[in-house]
Amino acid sequence: MRLKATNLSKSFGSQIVLQNINLDLDQVHTLALIGPSGGGKSTLLRIIAGLEIPDSGTLFLNDREIIYREKELMAHRRTVGTVFQAFNLFPHLTALQNITLPLEKVHQCSPVEAHQVAEAILERFGLSEHGHKPPAQLSGGQRQRVAIARAISIKPKLLLFDEPTSALDPEMTAEVLEVIEELRKEGRDLVLVTHQMGFAHRVADQIALLSGGQIVECGPPKQLLDDPRSEITRQFLAKILKY
Amino acid sequence: MRTPTLRSWFWISPDDRNKPIAWQLQLLNWILAFFLLALLCYFSFSQLRYNWNWDTVGGYRNFFWRGWLNTVKISVLALVLSTFIGLIAALARRSGFLVLRAVSRLYVELVRGTPLLVQITFAFYVIADAFHFQDRFTVGLLTLSMFSGAFISEIIRGGIESVGASQLDSARAIGLTRIQTYRYVIFPQAIRLILPALAGMFANLIKDSSLLSVISIEEFTWNAQQVSALTYSNFECYIPLAFGYLILTLPITLWTQWLEKRTRYET
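All of these numbers come straight from a predicted model, not from anything done at the bench.

**Some details on the sheet that holds strand 2 (residues 15–25) of chain A**
Residues and elements named next belong to chain A.
At step 1: If you walk across this open sheet you meet the four strands as 2-1-4-5, and the pairing is antiparallel. The open sheet has two edge strands, strand 2 and strand 5 (64–65), and neither has a second partner.
At step 2: The pairing of strand 1 (residues 3–12) with strand 4 (residues 56–61) spans five bridges and is antiparallel. Residue pairing in the sheet places Thr6 in a bridge with Thr58 of strand 4.
At step 3: Along the sheet face, helix 1 (residues 41–49) touches strand 1, strand 2 and strand 4 and points at about 65° away from the line of strand 2.

Here you go:
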């Protein structure tokens, strides 16, 4: 993917969340956004996802500008897959129906077609036997994998993960990260917000560290994690690697 | 095992509050409650110097029956209509068109804040009259539906608002339109939450329909009043009246409780 942000800014009320974000990445498959809480990484991800509208600035995805008007945004959101920290599955639908809903109602698949696509993806993620269950009967890891299945079922041009493992215990974290890594190996384009530095190191082509609403540093994992240039990065890494 | 004491038949110690209660105990205490009620009724009526006149009133059986059927008819029609009105008002409250919001708010607050009796009188003798509309049944039905609709709109609005922001996020993320979001995400979740309250509202609606007697709609209460006037009897008319409503409302109340229980288990 090619991602270019110019002077992106966003405030919620009097709180500035993003301040003049500039980013120009080409030939990147996986971008990891890291940094302290409240640093603006989730907001940046949500702006890329078309869920949040920046106050100013422009964003180009694969050389196409994202127009921040509801009509164009809806079209944009239909081409990307977003996975949330809290899974956000629809509790009144089964795992399978969670996947077929967007296929049928947004992407004009026939019910039979949608059903086939959903079953195939569930099978791939080892969830076949859970297709008929509502989210409440699934474990956290299973829920998140269903959410990922829902996101990729529409063949998105970009997958966005907003702290996909923050609500999971370590064992389930592993099963979700494995799925994400597998998607990465398929050559899909991903942007992910994460606190898992090891994982970011392994899958990301580029890592951007956001703090105080600004990109403090951006570079390949090896350089950014092993040999950080900025003092803020060094402090942040020292703090999280301490425990 | 403790030996059962007299006290243990009527009293659950704090330690046992979460345990299921034996059906024999339940039954015993229910019977006791009915006995107390019967005692009160017996005493009150025995103090009354009253010549019971069931036979005369009994002759009007069919008249009662017709009124009761009319009440059922009005209630069912008003239920459908008021749900529809409530839905429209709840959606209007969230509309982008600000006048609609204001109209909806005004409607809800006025209707909820004034007595139904006043509304019925006003609707029939002022508004309907101004339009030279004389059909009592229709005016009554509309007024009752508007009245219930105001409450239902607040129930629906509460249900819609209780669907979390994360669900709306998810709906937007997969690219649902606003209407699709309501249809596939908000309503199916809201309906489960509001069904008990809606069912309870229906029981109220049935009882409230009795006030339509003030504009002489021939429903259950009005018919009972007519018989009462014709036969110079009171209680022979009002006692069947009470039971007639109870037969309708009691199943709904029980259904409501069952629904509430079910919703509690689901979440």
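**Here's the deal with the interface of chain B and chain A**
At step 1: Tallying the contact residues gives 15 residues for chain B and 16 residues for chain A.
At step 2: Contributing elements (two or more residues each) for the side of chain B that touches chain A: helix 8 (165–173) and helix 9 (178–208) of chain B.
At step 3: For the side of chain B that touches chain A, the element with the most residues is helix 8 of chain B, which contributes six residues.
At step 4: Here the residues of the side of chain B that touches chain A sort into six nonpolar, seven polar and two charged.

**Here's the deal with the pairing of strand 1 of chain A**
All names here are of chain A.
At step 1: In this structure, strand 1 lies alongside strand 2, joined through seven bridges in antiparallel fashion. When the bridges of strand 2 are listed, Ala5 appears paired with Leu23.
At step 2: Between strand 1 and strand 2, which pair antiparallel in sequence order, lie two residues; one of them, Gly13, sits at a positive phi of approximately 65°.

**What about the nonpolar core?**
At step 1: If you look at the biggest cluster of nonpolar residues, it comprises 107 residues, and the most contacted ones within it are Leu33(A), Leu160(A), Val191(A) and Ile207(A).
At step 2: No other element matches helix 7 (residues 136–162) of chain B, which puts twelve residues into this core.
At step 3: Three or more residues apiece are contributed to this core by two domains, here domain 1 (26–51 + 158–243) and domain 2 (95–156) of chain A.
At step 4: Every residue in contact with Leu33(A), bar those within four places of it in the chain, is listed here: Lys41(A), Leu44(A), Leu45(A), Val191(A), Val193(A), Ala208(A) and Leu210(A).
At step 5: Membership of the second largest hydrophobic core comes to nine residues, among which are Val57(B), Phe64(B), Phe220(B) and Ala224(B).

The rules behind the values
- Residues numbered from 1 in each chain as written.
- Chains lettered and ligands numbered in written order.
- Predicted model: local features only at pLDDT ≥ 70, side-chain atom pairs only at ≥ 80, totals over all residues.
- Pairing = 2+ DSSP bridges.
- Helix = DSSP H or I, 4+ residues; strand = E, 2+ residues; numbered from the N terminus.
- Contact = placed C-beta atoms within 7 Å.
- Axes fitted to C-alpha atoms, helices over the stretch in contact; angles between N-to-C directions.
- Nonpolar A, V, L, I, M, F, W, Y, C, P; charged D, E, K, R; others polar.
- Core = buried A, V, L, I, M, F, W, Y, C linked by C-beta atoms within 7 Å.
- Buried ≥ 20, exposed ≤ 12 C-beta atoms within 10 Å, placed from the backbone.
- Domains from an automatic or database assignment.

From the geometry alone we can't say anything about function, so treat these as descriptive.
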